[in-house]
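A closer look at the structure
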Amino acid sequence: MTAQYEARPAACVAGELTVPGDKSISHRALMLAGIADGRSEIGGFLAGEDCLATLGAMRSLGVSIERPEPDRVFVDGVGLRGLSAPAAALDMGNAGTAIRLFTGLLCAQAFDSTLVGDASLMKRPMERVAQPLRAMGADVRTSGGTPPVRIGGGRRLRGIEHRLPVASAQVKSALLLAGLYAEGATTVTSPAVSRDHSERMLRGFGAAIEVDGLRVRVEPVARLEARRLEVPGDFSSAAFFIVAGLIAADASGLLIRNVGVNPSRTGLLTILRAMGAEIEVSNAREQASEPVADLRVHRSELRGIEVPKAWVPLAIDELPVLFVAAACARGETVVTGAEELRVKESDRIAAMSAGLRAIGVEHTALPDGMRIAGAADTPWHGGVVDSHGDHRVAMSFAVASLRARGPIAIRDVANVATSFPGFVDRARAVGIDVRES
Ligand code: S3P
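The rules behind each value
Residues numbered from 1 in each chain as written. Predicted model: local features only at pLDDT ≥ 70, side-chain atom pairs only at ≥ 80, totals over all residues. Heavy atoms only, no water. Helix = DSSP H or I, 4+ residues; strand = E, 2+ residues; numbered from the N terminus. Rg over C-alpha atoms; globule rule 2.2 N^0.38 Å. Buried < 20%, exposed > 50% of the residue type's maximum accessible area, 1.4 Å probe, protein only. Contact = heavy atoms within 4.5 Å. Areas by Shrake-Rupley, 256 points an atom, 1.4 Å probe, with all protein chains shown as cover. Polar contact = N/O pair within 3.5 Å; in protein donor to acceptor, adjacent residues only side chain to side chain. Near = heavy atom within 4 Å. Nonpolar A, V, L, I, M, F, W, Y, C, P; charged D, E, K, R; others polar. Domains from an automatic or database assignment. Pairing = 2+ DSSP bridges. Axes fitted to C-alpha atoms, helices over the stretch in contact; angles between N-to-C directions. Buried area = accessible area lost by both parts, 1.4 Å probe. Salt bridge = Lys/Arg side-chain N within 4 Å of Asp/Glu carboxyl O.

Right, let's get into the overall build of the chain. What the chain contains, in helices and strands, is 13 helices and 23 strands. Whereas a compact globule of 437 residues would reach a radius of gyration of roughly 22 Å, the chain reaches 21 Å, a difference of no more than 12%. Projected onto the principal axes, the alpha-carbon positions of the chain cover approximately 60 × 45 × 40 Å. Evaluated residue by residue, the chain yields a buried proportion of 61% over its 437 residues. Across the chain, every contact between residues at least 6 apart in sequence was considered, and the portion connecting residues at least 24 apart equals 75%. Accessible surface for the chain amounts to roughly 15400 Å². Of this, 48% is attributable to carbon and sulfur atoms.

Set out below in structure tokens:
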């Protein structure tokens, strides 16, 4: 049988914790360090399966990487043109970020490559990245729009001006990586803000990057420079504990230290505050060109709201756990403009809706979001929930157990290890009664 969680109701959460390193930043750090000149050191690296897939792929491309501790990595960069042909197809596992960014990086190389992944990844849309790369002159073939992605090497790329139809950091980043190798400048304009880790990190490695509002421009460079960087804690992993604290913290609140608070990632804070959440941000500092802070979360009476569509892209990965917070609020919460949830690691609208139904949370799934009736005073019952192999769905229902009357069994949770190794231990340490069986 596949791994599952048993999550039992618990009175409160308390104390403090840290969360593992940021997934988006860890992927990018490995890739850029691999094509830089010299030895880079990455501290706070996320030792989750997604980033380990990127690490394995970089090794298969001829980059030598040492990992003396799970979260400390030394990368001996081979230079922009030093990657070598892999012996076999590169396996990206469950990692959407890895397959999209590698498509951008590899279409600029002298050799052919093929990208594959697990059953979920093999269903994810790839034309959104393949099409603009083809416009740059790349040879990228998908299989009816999904992986395997077959990339022909030895193409001369030319810079383009591209307008993204949907705000996507993965597509933007793929084009920027290809743009490092193109003739002329590559400009990407997004319809709304998406995470800007690539822009920050490319600049840190010495690339010629210009940002003007929603427009990013990269110029080809001769070389990138190795660096040392310390990856901040992943806001998306902290999100589960932010919601846990809001619905169940004891009187002193729950402290989450060392969390990345890049404004292109913290839409959840904006939404929760509009719902009445009390979250203190302290000790603000900069680390690896990224803003970092400590968060103290107080138990709060939440009110349902209509979430402005403009906030949705800034909270896209946190919407599953936002649905749990909304279920604890007074009054209805409505999320729309989130059709991207349909094509994440699972169809997150369908997976969350089925789980919420199983534990008795009143709601309506919408084509592009969810309408959730707040049940501030009525805990829901327990039940059996299927995560559909989606890490964020699984962890959201572990948090939901804090307000349940009976245990919640959560099926198919092995993929929590893609983004949050050690989730169960950290959750138990602050009072969430979840076990793996
Ligand atoms: C990511 C970008 C987002 C996000 C994903 C990580 C990244 O996806 O949902 O979890 O690291 O660039 P999109 O680019 O598809 O919006």
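Back to the write-up after that little detour.
In this section: the side chain of Asp317. In this structure, Asp317 sits in the loop between β17 (290-298) and α9 (319-327). Residue classification places Asp317 among the buried positions, given a relative accessible area of 12%. A distance of 3.0 Å separates polar atoms of two side chains, one belonging to Asp317 and the other to Arg195. Beyond its immediate chain neighbours, meaning those up to four positions away, Asp317 contacts Arg195, Ser236, Lys344, Arg348 and Arg392.

Taken together, Ser24, Arg28, Thr97, Arg128, Ala167, Ser168, Ala169, Gln170, Arg195, Ile316, Asp317 and Lys344 form the complete shell of residues around the ligand. Arg28 places a side-chain nitrogen or oxygen 2.6 Å from an oxygen atom of the ligand. A distance of 3.3 Å separates an oxygen atom of the ligand from a polar atom in the side chain of Thr97. Summarising the interface, the protein chains cover 94% of the accessible area of the ligand, which totals 380 Å² for the free molecule. Residue composition of the shell around the ligand, grouped by class: three nonpolar, four polar and five charged. Of the domains in this structure, domain 1 (4-21 + 233-436) and domain 2 (23-230) are the two that each give at least three residues to the shell around the ligand.

Let's shift gears to the sheet that holds strand β16 (residues 278-287). Strand order in this open sheet of four strands is β2-β15-β17-β16, and the pairing throughout is mixed. Two strands lie at the open edges of the sheet, namely β2 (13-18) and β16, each paired on one side alone. Across this sheet, the average inter-strand angle for adjacent strands is 15°, counted without regard to direction. Bridge analysis of β2 against strand β15 (residues 249-260) gives five bridges, and the strand direction is parallel. Opposite Gly15, over in β15, you have Leu254 as the bridge partner. Against the sheet, helix α7 (residues 235-248) contacts β2, β15, β16 and β17, and its axis sits at roughly 170° relative to β15.

The next subject is the environment of Gly159. Mapped onto the elements of the fold, Gly159 is located in the loop between β9 (146-152) and β10 (161-163). Looking at Gly159, the relative accessible area reads 23%, which means it is partly exposed. Put simply, Gly159 and Tyr181 are 22 residues apart on the chain and 8.7 Å apart in space, counted from C-alpha to C-alpha. Residues contacting Gly159, with those up to four places away along its chain left out, are Ala182, Glu183, Gly184, Ala185 and Thr186.

By the assigned domains, the chain splits into domain 1 (4-21 + 233-436) and domain 2 (23-230). On a C-alpha basis, the centroid separation for the pair domain 1 and domain 2 is 29 Å. Contacts between the two partners involve 27 residues from domain 1 and, on the opposite side, 27 residues from domain 2. Summing both sides of the interface, domain 1 and domain 2 together bury roughly 2200 Å²; the carbon and sulfur share of this comes to 47%. Looking at the side of domain 1 facing domain 2, the largest losses of area belong to Arg265, Glu345 and Thr418, adding up to 23% of the total buried there. Seen at the junction of domain 1 and domain 2, the total is three salt bridges. Residue Glu345 is joined to Arg124 by a salt bridge in which the shortest nitrogen-to-oxygen separation is 3.9 Å. In this structure, the connection of domain 1 to domain 2 is made through 14 residue pairs in polar contact (both at pLDDT 80 or more). Contributing elements (two or more residues each) for the side of domain 1 that touches domain 2: β17, α11 (391-400) and α12 (416-419). Residue classes in the side of domain 1 that touches domain 2 are distributed as ten nonpolar, nine polar and eight charged.

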